[in-house]
Amino acid sequence: MIHSRTLIGGSGQPPGGPATSAGHLLQLLRSNVAGHSRADLLEMTGMARSTLYERLDALFAAGLVYESTPLRSQRGRPPRALRFDDRNKLVVALEIGHTHAGLHLLSLGRDIVASARIPIEIRDSQDLVVDRLTAEALRLLDGRQPVGAGVGLPAPVDPLHRLGLERTVLAHWDLQRLQEVLGARLDCPVLLENDARAMAVGEVREPFESLVAVKVSTGIGSGIIVSGTLVRGAHGAAGDIGHVRIPEAAGRRCRCGRDGCLAAVASGRALLAAPQLARYRTLRQLVDEDGRDPAVGPAVAEAGRILGRVLAATVGTLNPGRIAVGGLVGVLPGFLDACRQQILSDAFEPSLVDLKIVPADSRTSTAVGLCRLVEESLYAPERIEQLLSQRSG
Ligand SMILES: [Zn+2]
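All of the points below concern the structure found in this document. Note that the structure is a prediction, hence the values are computed from the model and not measured.

So, about the overall build of the protein. Counting its regular elements, the protein contains 13 helices and 12 strands. Rg of the C-alpha trace for the protein: 23 Å, near the compact-globule value of 21 Å for 393 residues, within the 12% margin. By principal-axis analysis of the C-alpha atoms, the protein measures approximately 75 × 50 × 35 Å. Relative to its 393 residues, the protein shows a buried fraction of 53%. At a minimum sequence separation of 6, the contacts of the protein that also span at least 24 residues come to 62%. Taken as a whole, the protein presents about 18100 Å² of accessible surface, with 51% of it coming from carbon and sulfur.

Structure follows, in structure tokens:
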């Protein structure tokens, strides 16, 4: 269970002071897991008592707020806390990889309730993959109704899904259709996000943190949080560092169709294609032999070193406080050490002060990030206003 909620995209307060809509009241309650008393809310918002109570009534009626155990008090009858009602609300998180999908059910408190790992082949038709994933999701849900679903995809994801996926591993997928089909089968709103970006959101530990999360599995991607705000870029491709051209990859063919990409030499796919590692058929087999097969360690370290060169530029551009490296390859100690050494050697000193370069919590951070993003989208003030006006209309 979480004790404080870091809201991606700022405090939720509009510029110019606290807003007083029901949606903003809910935002205030969501930002503090312990909740607030009515007196707190009156003081924080400066609202008239009658208006506040009216807005709270609407939130109670919609099942969005509940009254919990009394808050501690110095004297007199202790006030009761009002809290965002995150009880019995489930989110489905789907992490779609090149050869596997991770499926998780999470509570809105971001505890993982159930998980499954499903072999898929991303080159298969979208319908085939979606059929398998929804069947498994419905099995895990076992009749329970999710409030929303988040899907992490190994490709740039434009919030409006306008971006061409032609050169990506999802070239044959239609994201709008994906969202519609999943929404219909799971009977809930569906949010799509780049997987490394979801991982970055799941890695946030403090408000207003600046961090870069890098995912190195079959491909390479990164997610960027600057001062607590997720950066998507103009067309959803922020952090897509895998296909930047680098000298080490000159003449090496990348799966995107170009020559010389970072992913052509530093990704899991590149490792599997190395002649000395030709005996491995899957990336999982290869990483499992790290430390046992003398051919694996040096290849993994070289990949980490090359990634470090590109990340040094990211460090210079963004000055993050933390770089969290995840993914099957990214968490290997030899990969991370080589990557760290290269960043420390290449980046300019002022941007390295207090920089932490650490393994990501790969097991859960993408699912937790998707859950956070789903929650923020479902309970955004403008969406709550819309919901309440529909109920009263
Ligand atoms: Zn490429």
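Still to come is the rest of the account.
Bringing the nonpolar core into the picture now. Core analysis: the largest hydrophobic core is formed by 41 residues, its most contacted members being Leu26, Leu41, Leu59 and Tyr379. Looking at this core element by element, the count peaks at 7 residues for helix H12 (residues 365-378). Setting aside residues up to four positions removed in sequence, Leu59 forms contacts with Ala22, Leu25, Leu26, Leu64, Val65, Ile384 and Leu388. Within the second largest apolar cluster, 39 residues are counted, among which are Val216, Leu277, Val310 and Leu336.

Attention now moves to the sheet that holds strand S11 (residues 322-326). Across the sheet, 5 strands lie side by side as S10-S9-S8-S11-S12; this open sheet has mixed pairing. Single-partner strands in this sheet number two, and they are strand S10 (229-231) and strand S12 (356-359). Between one strand axis and the next, the sheet turns through 20° on average, direction left out of account. By the bridge criterion, 5 bridges tie strand S8 (residues 211-216) to S11 in an arrangement that is parallel. Counterpart to Lys215 in the pairing with S11 is Gly326. Each of S8, strand S9 (220-226), S10 and S11 touches helix H6 (residues 195-203); the most contacted strand, S8, lies at about 135° to it. Helix H11 (residues 333-346) contacts S8, S11 and S12 of the sheet and is inclined by roughly 165° relative to S12.

In terms of burial, S8 is largely enclosed, as 6 of its 6 residues are buried. Burial of the side chains of S8 extends over both faces: Leu211, Ala213 and Lys215 are buried on one face and Val212, Val214 and Val216 on the other. Pairing between S8 and S9: 6 bridges, direction antiparallel. The residue of S9 that forms the bridge with Ala213 is Gly223. Between S8 and S9, which follow one another and run antiparallel, lie 3 residues.

Right, let's get into the packing of aromatic side chains. Summed over the entire model, instances satisfying the criterion amount to 1 aromatic pair. Ring geometry for Phe84 and Tyr379: centres 4.9 Å apart, planes at 65°, overall edge-to-face. Taken as a pair, Phe84 in strand S2 (residues 80-84) and Tyr379 in the loop between H12 and helix H13 (381-392) lie far apart in primary sequence, 295 residues in all. We note that Phe84, like Tyr379, is buried. We note Arg30 situated over the ring of Phe84; from NZ or CZ to the ring centre the distance is 5.9 Å. Just above the ring of Tyr66 sits the side chain of Arg87; from NZ or CZ to the centre is 3.6 Å.

Turning our eyes to something else, we now look at the side chain of Ser217. Note on placement: Ser217 falls in the loop between S8 and S9. Judged by relative accessible area, Ser217 falls into the buried class, the value being 16%. A distance of 3.1 Å separates a polar side-chain atom of Ser217 from the backbone nitrogen of Leu328. Apart from residues no more than four positions distant in its own chain, Ser217 is found in contact with Ser267, Gly268, Arg269, Leu283, Gly327, Leu328 and Val329.

On to helix H5 (residues 175-186), then. For H5, built from 12 residues, the straight-helix expectation of 16 Å at 1.5 Å per residue is met to within 8% by its first-to-last C-alpha distance of 16 Å. Within the sequence span of H5, burial applies to Leu175, Leu178, Val181, Leu182, Gly183 and Leu186. Packed against the buried residues of H5 are strand S3 (90-96), helix H4 (126-141), strand S6 (146-153) and strand S7 (190-194). One side-chain oxygen of the residue at the start of H5 lies 3.1 Å from the amide nitrogen of Gln176, identifying that residue as Asp174. Downstream of H5 by one or two residues, Asp187 has phi in the positive range, about 60°.

One pass over the full model with this rule turns up 21 salt bridges. Ionic pairing is found between Arg139 and Glu136, a salt bridge with its closest N-O pair at 2.6 Å. Pair noted here: Arg139 and Glu136 are both in helix H4, with a separation of 3 residues, about one helical turn. Residue Arg205 pairs with Glu203 through a salt bridge whose shortest N-O separation is 3.6 Å. Among the residues examined, Glu203 registers a relative accessible area of 2% and is labelled buried.

Criteria and cut-off values
Residues numbered from 1 in each chain as written. Predicted model: local features only at pLDDT ≥ 70, side-chain atom pairs only at ≥ 80, totals over all residues. Heavy atoms only, no water. Helix = DSSP H or I, 4+ residues; strand = E, 2+ residues; numbered from the N terminus. Rg over C-alpha atoms; globule rule 2.2 N^0.38 Å. Buried < 20%, exposed > 50% of the residue type's maximum accessible area, 1.4 Å probe, protein only. Contact = heavy atoms within 4.5 Å. Areas by Shrake-Rupley, 256 points an atom, 1.4 Å probe, with all protein chains shown as cover. Core = buried A, V, L, I, M, F, W, Y, C linked by side-chain atoms within 4.5 Å. Pairing = 2+ DSSP bridges. Axes fitted to C-alpha atoms, helices over the stretch in contact; angles between N-to-C directions. Phe/Tyr/Trp six-rings, centres within 6.5 Å; stacked < 30°, edge-to-face > 60°. Lys NZ or Arg CZ within 6 Å of the ring centre and 35° of its normal. Polar contact = N/O pair within 3.5 Å; in protein donor to acceptor, adjacent residues only side chain to side chain. Expected span 1.5 Å × (residues − 1). Salt bridge = Lys/Arg side-chain N within 4 Å of Asp/Glu carboxyl O.

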